[in-house]
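Residue strings, one per chain:
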Amino acid sequence: MEQYKQEFINFMVQCDVLKFGEFTLKSGRKSPFFMNAGAYVTGSQLAKLGEYYAKAIHENYGDDFDVLFGPAYKGIPLSTATVIAYAKLYGKEIRYCSNRKEEKDHGDTGILLGSKLKDGDKVVIIEDVTTSGKSIEETFPILKAQGNVEIKGLMVSLNRQERGKGTKCALDEITDLYGFPARAIVSMSEVVEELYNKEVNGKILIDDKIKSAIDAYYKEYGAE
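Each chain has its residues counted from 1, running along the sequence as written. The predicted nature of this model means local features are confined to residues of pLDDT at least 70 and side-chain atom pairs, given and counted, to a pLDDT of 80 or more, with totals for whole chains, interfaces and linings taken over all residues. The basis for every side-chain value is the complete set of non-hydrogen atoms in the structure, without hydrogens or water.

J.: Mind laying out the packing of aromatic side chains, listing which residues take part and the relevant values?
T.: Pairing of aromatic rings covers Phe, Tyr and Trp, the last through its six-membered ring, and needs centres within 6.5 Å; plane angles under 30 degrees mean stacked, over 60 mean edge-to-face, and all others mean tilted. For the structure on display, the rule yields 14 aromatic pairs. Ring centres of phenylalanine 33 and tyrosine 218 lie 6.2 Å apart, and the angle between their planes is 20°; this geometry places the pair in the stacked category. Of this pair, phenylalanine 33 sits in strand E2 (residues 30–35) while tyrosine 218 is found in helix H7 (residues 208–221), placing the two residues 185 residues apart along the sequence. With a relative accessible area of 0%, phenylalanine 33 lands in the buried category. Aromatic pair phenylalanine 140 and tyrosine 178: ring centres 4.7 Å apart, planes at 45°, arrangement tilted. Within this pair, whereas phenylalanine 140 is found in helix H4 (residues 134–144), its partner tyrosine 178 is found in helix H5 (residues 170–178), the two being separated by 38 residues in sequence. Accessibility here uses a 1.4 Å probe with only protein chains present; expressed as a share of the type maximum, an area under 20% marks a residue as buried, one over 50% as exposed, and anything in between as partly exposed. Phenylalanine 140 gets classed as partly exposed once you look at its relative accessible area, which sits at 21%. Chaining the aromatic ring pairs together yields one cluster made of Phe8, Phe11, Tyr40 and Tyr52. Labels follow the DSSP assignment, with helices taken as runs of H or I lasting at least four residues and strands as runs of E lasting at least two, numbered in each case from the N terminus.

This is the structure we're talking about:
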């Protein structure tokens, strides 16, 4: 596993973004782990988060894109933090763009925040996590309505590796449905590999009990 992935897993724990226990998801599933990107709240946390996203995007998609699109609302700080980090790490200016939930009809009109999109733009979408692909269902037509843009791919924090609407994980379903790659900074299997029986801040987060609960969860909900 790459060093930045190991660092990112521990960073999620330090920021109280990744938790273990028993959580009820929006889908109704009872999960032994939960990730909440809304827990990144300080300037230094967002700066580091942007660097991890920038590294993962660069590794997966290189420099051949123009715009980073973050769907409202959580995608707005993710996209801004990441374009700042991308310029710092790789010396390339990437434009940021997000959507509004409601279209604005005065001043800076339209559905978009940040950069406008134009024909020929190559776009990477950035999100925190996806379990069903619902946000992409909303985002894809917004992007395509702006002109002849090419979507290079999607980057999320964590691949939960559980079934989406079918038997595959949501990221694979997105690739199959829309034709662009969908990647994550880390997968849940990498999280388990890094944290199982490892002490973090004096506490073992994934002990044998939590590991058994994770295994049982994936036996029921795991993707192909």
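J.: Before we move on, could you go through the pattern of salt bridges and cite the residues and values that matter?
T.: Note on definitions: salt bridges are taken to be side-chain nitrogens of Lys or Arg within 4 Å of carboxyl oxygens of Asp or Glu. This structure, assessed with the given rule, holds 16 salt bridges. Put simply, glutamate 162 and arginine 29 hold a salt bridge, and the shortest N to O gap is 2.6 Å. Taken together, the residues span a long stretch of sequence, with glutamate 162 in the loop between strand E7 (150–159) and H5 and arginine 29 in the loop between strand E1 (18–24) and E2 at a distance of 133 residues. The exposure class assigned to arginine 29 is buried, which follows from its relative accessible area of 14%. Between glutamate 162 and arginine 160 there is a salt bridge; the shortest N-O distance is 2.5 Å.

J.: Break down the side chain of serine 98 for me, with residues and values.
T.: Here serine 98 lies in strand E4 (residues 95–104). Residue serine 98 is classed as buried on the basis of its relative accessible area of 0%.

J.: Report on the environment of glutamate 190, specifying residues and quantitative values.
T.: If you trace the backbone, glutamate 190 turns up in helix H6 (residues 188–195). It is 30 Å that separates the C-alpha atoms of glutamate 190 and glutamate 150, two residues lying 40 residues apart in sequence. Whether two residues touch is decided by their heavy atoms; if any such pair falls within 4.5 Å, the residues are in contact. Residues within four places of glutamate 190 in sequence aside, it is in contact with Met1, Lys5, Ile9 and Ile185. Among the polar contacts listed, one links the side chain of glutamate 190 to the side chain of lysine 5, at a separation of 3.2 Å. N or O atoms closer than or at 3.5 Å make up a polar contact, with two conditions inside protein: a donor-capable atom paired with an acceptor-capable one, and, for residues adjacent in sequence, both atoms drawn from side chains.

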